[in-house]
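For reference, the chains in residue letters:
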Amino acid sequence: MPGRLEVLRERDFTLFLSAKLLVTLAAEMVSVAVGMQVYELTGDLLALGLVGLAQFLPFVVLILPAGQVADRKERSRIIAFCFALQGLASAALLGITLADLRAVGLIYAVLVLLGCARAFMMPASQAVLINLVSAPRFAQAVALHSSSFHVAVIVGPLLGGVVYLGGPHAVYVASTTLFACAVLLMSRVRSGVHHFETQEGSRGAGAVFEGLRFVFSRPLVLGAVSLDLFAVLFGGAVALLPAMARDVLQVDAAGLGLLRAAPAAGAALAAVALVWRPVHRHVGRWMFGGVAVFGASMALFGLSASLPLSVAALALSGAGDMVSVYVRQILVQHETPDAIRGRVSAVNAVFIGASNQLGDFESGVAARLLGLVPAVVFGGAATLAVAGAWIRLFPVLARMDHFPHLRPAGSL
């Protein structure tokens, strides 16, 4: 259809999208290599848990200050610097591997650096998107950005596993090269130099929490962000997939791979559909509908004893989640003045991180108390209950027909 991909005519957006695609591929490849390398070195399941913790802790500590930095400096430069840090970390992992240094603590130290880079990259990359495209093309840009991300999340681990056959050093060589290419692309992006540090209230410790104050003062933003938080908190069952694969579906590692890839595949397909048919009307219904589909699909997954049905249910859950995320991201970016968009994006990132991490913990606790299948079904039902409760708590969000118009940059 002519005109459906007009957003790719936006030079800076196309460069940014290409760079993010390369970085996501590289990061997924590194994740595969590090996990396998750490387990080969230690044989300890706890060591695998520490891989995630080493990246999550610096992210939590730095994410709010990173949001303030995204509002005071040129966002494209911040992103390019974070890409370079990730490339440096990948090169460090390559050096550790080639030197045959078997102290796993060195790998954890590098992962801390990756967590720091991720903390500063996320709010800047979320906030910059709206600066790279014209207003009529923003919804299409969000959908295309999301679809490319999910494609990379699917392809990256597969590519990393294949390259790992040549040893971890082969993965680190490939990922370092991809990071370097991403830096070159991102260095050509110009998002505009911001001077928000001169505005009243933008300095000092209090400015770090401006994003939190804004979110809690806007029912539309608070409702959208908190809906996603509690939906994923209860409905997410990623941590239970290995147990569901072995104990319920009785499939091997290949079956588990299908289960893990299914939500991302469903999300990617939904994002592609949104590129061609963006949502313009009844956006509140679309958002709550996406959450409802997500919850119902997870309940179906819990009840399923068939691998094809389980894969289909997980793919449908990914599609529902994608629709909800798509509406939320457009809504939050449109509702937020550009002067604090980085800090609000940082708050959104905290909510996302908390829902994923705490959701894994909640799933484990529920499975211990209720049993594996009842825990998954309960999570899906709880998500549906959250959607119903949020319709009552935030009726303005549920009734929202159109996305709010963009405000002039810097207006509060």
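Starting afresh in each chain, residues are numbered from 1 along the sequence in its written order. Residues qualify for local features only when their pLDDT is at least 70, as the model is predicted, and side-chain atom pairs are given and counted only at 80 or more; totals for whole chains, interfaces and linings, by contrast, use all residues. No hydrogens and no water enter the side-chain calculation; it runs on all heavy atoms of the structure.

1. Let's talk about the overall build of the protein chain
- Helix and strand counts for the protein chain stand at 16 helices and 0 strands.
- Remark: exposure states derive from per-residue accessible area (1.4 Å probe, protein chains only) relative to the maximum for the residue type, with buried under 20%, exposed over 50%, and partly exposed in between. Split into buried and exposed, the 412 residues of the protein chain put 52% on the buried side.
- What sets the accessible areas is the Shrake-Rupley method with a 1.4 Å probe; for residues, cover comes only from the shown protein chains. When the accessible area of the protein chain is evaluated, it comes to approximately 17700 Å², of which 69% is carbon and sulfur surface. Strands are runs of DSSP state E lasting at least two residues, helices are runs of H or I lasting at least four, and both sets are numbered from the N terminus onward.

2. A short note on the packing of aromatic side chains
- Within 6.5 Å between ring centres, the rings of Phe, Tyr and Trp (the latter by its six-membered ring) count as paired, and their orientation is classed by plane angle as stacked under 30 degrees, edge-to-face over 60, tilted in between. For the coordinates displayed, the defined rule picks out 2 aromatic pairs.
- Centre to centre, the rings of Phe230 and Trp390 are 5.4 Å apart; their planes meet at 50 degrees, and the pair counts as tilted. With a gap of 160 residues between them, Phe230 in helix H9 (residues 219–235) and Trp390 in helix H15 (residues 372–393) connect regions that are remote in the sequence.
- Taking the relative accessible area as the measure of exposure, Trp390 reaches 13% and is therefore buried.
- Their ring planes at 40 degrees and their centres at 6.2 Å tell us that Trp390 and Phe394 sit as a pair that is tilted.
- Among the residues examined, Phe394 registers a relative accessible area of 13% and is labelled buried.
- Among the aromatic residues, those joined into a ring-pair cluster are Phe230, Trp390 and Phe394.

3. Let's talk about the nonpolar core
- Residues belong to a common nonpolar core when they are buried Ala, Val, Leu, Ile, Met, Phe, Trp, Tyr or Cys residues joined through side-chain atoms within 4.5 Å. Counting 104 residues, the largest nonpolar core has Phe13, Val34, Tyr326 and Leu397 as its most contacted members.
- With 14 residues, the single largest contributor to this core is helix H1 (residues 11–42).
- Contact partners of Leu397, with chain neighbours within four places excluded, come to Leu220, Gly223, Ala224, Gly284, Met287, Phe288 and Leu331.
- Formed by 19 residues, the second largest nonpolar core is a distinct cluster that contains Leu249, Met298, Leu314 and Leu372. Whether two residues touch is decided by their heavy atoms; if any such pair falls within 4.5 Å, the residues are in contact.

4. Digging into the side chain of Arg341
- Tracing the sequence through the fold places Arg341 in helix H14 (residues 341–370).
- Polar contacts here mean pairs of N or O atoms no more than 3.5 Å apart (in protein, one a potential hydrogen donor and the other a potential acceptor; neighbouring residues in sequence count only if both atoms are side-chain atoms). At 3.2 Å, the side chain of Arg341 and the backbone oxygen of Gln333 are in polar contact.
- The residues touching Arg341, leaving out its near neighbours within four places in the chain, are Asp71, Arg75, Ala127, Ile130, Asn131, Gln333 and Thr336.

5. Let's talk about unusual backbone geometry
- With a phi angle near 55 degrees, Asp100 is a residue other than glycine that sits in the positive phi range.
- Looking at where Asp100 falls in the secondary structure, it is placed in the loop between helix H3 (75–98) and helix H4 (104–128).
- Positive phi values are uncommon outside glycine, yet His282 reaches one of about 55 degrees.
- Relative to the helices and strands, His282 is located in the loop between helix H11 (253–276) and helix H12 (283–303).
- Exposure remark for His282: the relative accessible area of 33% places this residue in the partly exposed category.

6. Some thoughts on a nonpolar patch on the surface
- Patch membership is restricted to residues that have no salt bridge and whose relative accessible area is over 30%. Joining uses 9 Å for like charges and 5 Å for the nonpolar side chains Val, Leu, Ile, Met, Phe, Trp and Tyr. Each salt bridge in this description consists of a side-chain nitrogen of Lys or Arg and a carboxyl oxygen of Asp or Glu lying within 4 Å of one another. Taken together, the side chains of Val365, Leu369, Leu370 and Phe378 present a nonpolar region at the surface, about 380 Å² in accessible area.
- A per-element tally of the nonpolar patch places H14 first, with 3 residues.
- Position of Val365 relative to the elements: it lies in helix H14.
- The exposure class of Val365 is partly exposed, given its relative accessible area of 34%.

7. Some details on the packing of H3 against H4
- Running from N to C, H3 and H4 cross one another at 160 degrees; their axes reach a closest spacing of 8 Å. The angle between the axes of H3 and H4 places the two elements in the roughly antiparallel class. Relative to H4, H3 is oriented so that their crossing is left-handed. Residue-level contacts link Arg75, Ser76, Ile78, Ile79, Cys82, Phe83, Leu85, Gln86, Ala89, Ala92, Leu93 and Ile96 of H3 to Leu106, Ile107, Val110, Leu113, Leu114, Ala117, Phe120, Met121, Ala124, Ser125, Ala127 and Val128 of H4. Throughout, an axis means a line fitted to C-alpha atoms (over the contacting stretch in the case of helices), and angles, computed between N-to-C directions, take values from 0 to 180 degrees. Any angle that is under 35 degrees is reported as roughly parallel, and any over 145 degrees as roughly antiparallel; angles of 65 to 115 degrees are reported as roughly perpendicular and all others as oblique. Crossing handedness: left-handed means the near helix sits turned counterclockwise from the far one by under a right angle, and right-handed means the same turn made clockwise.

8. Structural notes on the side chain of Asn348
- Tracing the backbone shows Asn348 in helix H14.
- In contact with Asn348, other than residues within four places in its own chain, are Gln126, Val225 and Arg328.

9. Comments concerning the confidence of the model for the protein chain
- Every residue carries a pLDDT, the predictor's confidence in it, which falls somewhere between 0 and 100. When the pLDDT values of the protein chain are averaged, the result is 85; 89% of them are 70 or greater.
- Contacts from residues 406–412, a stretch scored under 50 in pLDDT, to residues over four places away or in other chains number 15 contacts.

10. A look at the pattern of salt bridges
- Counting across every chain of the model gives 11 salt bridges.
- Notably, a salt bridge pairs Asp71 with Arg75, separated by 2.9 Å at the nearest N-O pair. Comparing Asp71 with Arg75 shows no difference in burial state: the two are buried.
- For Arg75, the salt bridge is made with Asp338, and the minimal N-O distance between the two is 3.1 Å. Remark: Asp338 occurs in the loop between helix H13 (307–335) and H14 and Arg75 occurs in helix H3; sequence separation between them is 263 residues.
- On the basis of relative accessible area, Asp338 is assigned to the buried category, the value being 6%.
- Several salt bridges converge on common partners, so that one network encompasses Asp71, Arg75, Asp338, Arg341 and Arg343.

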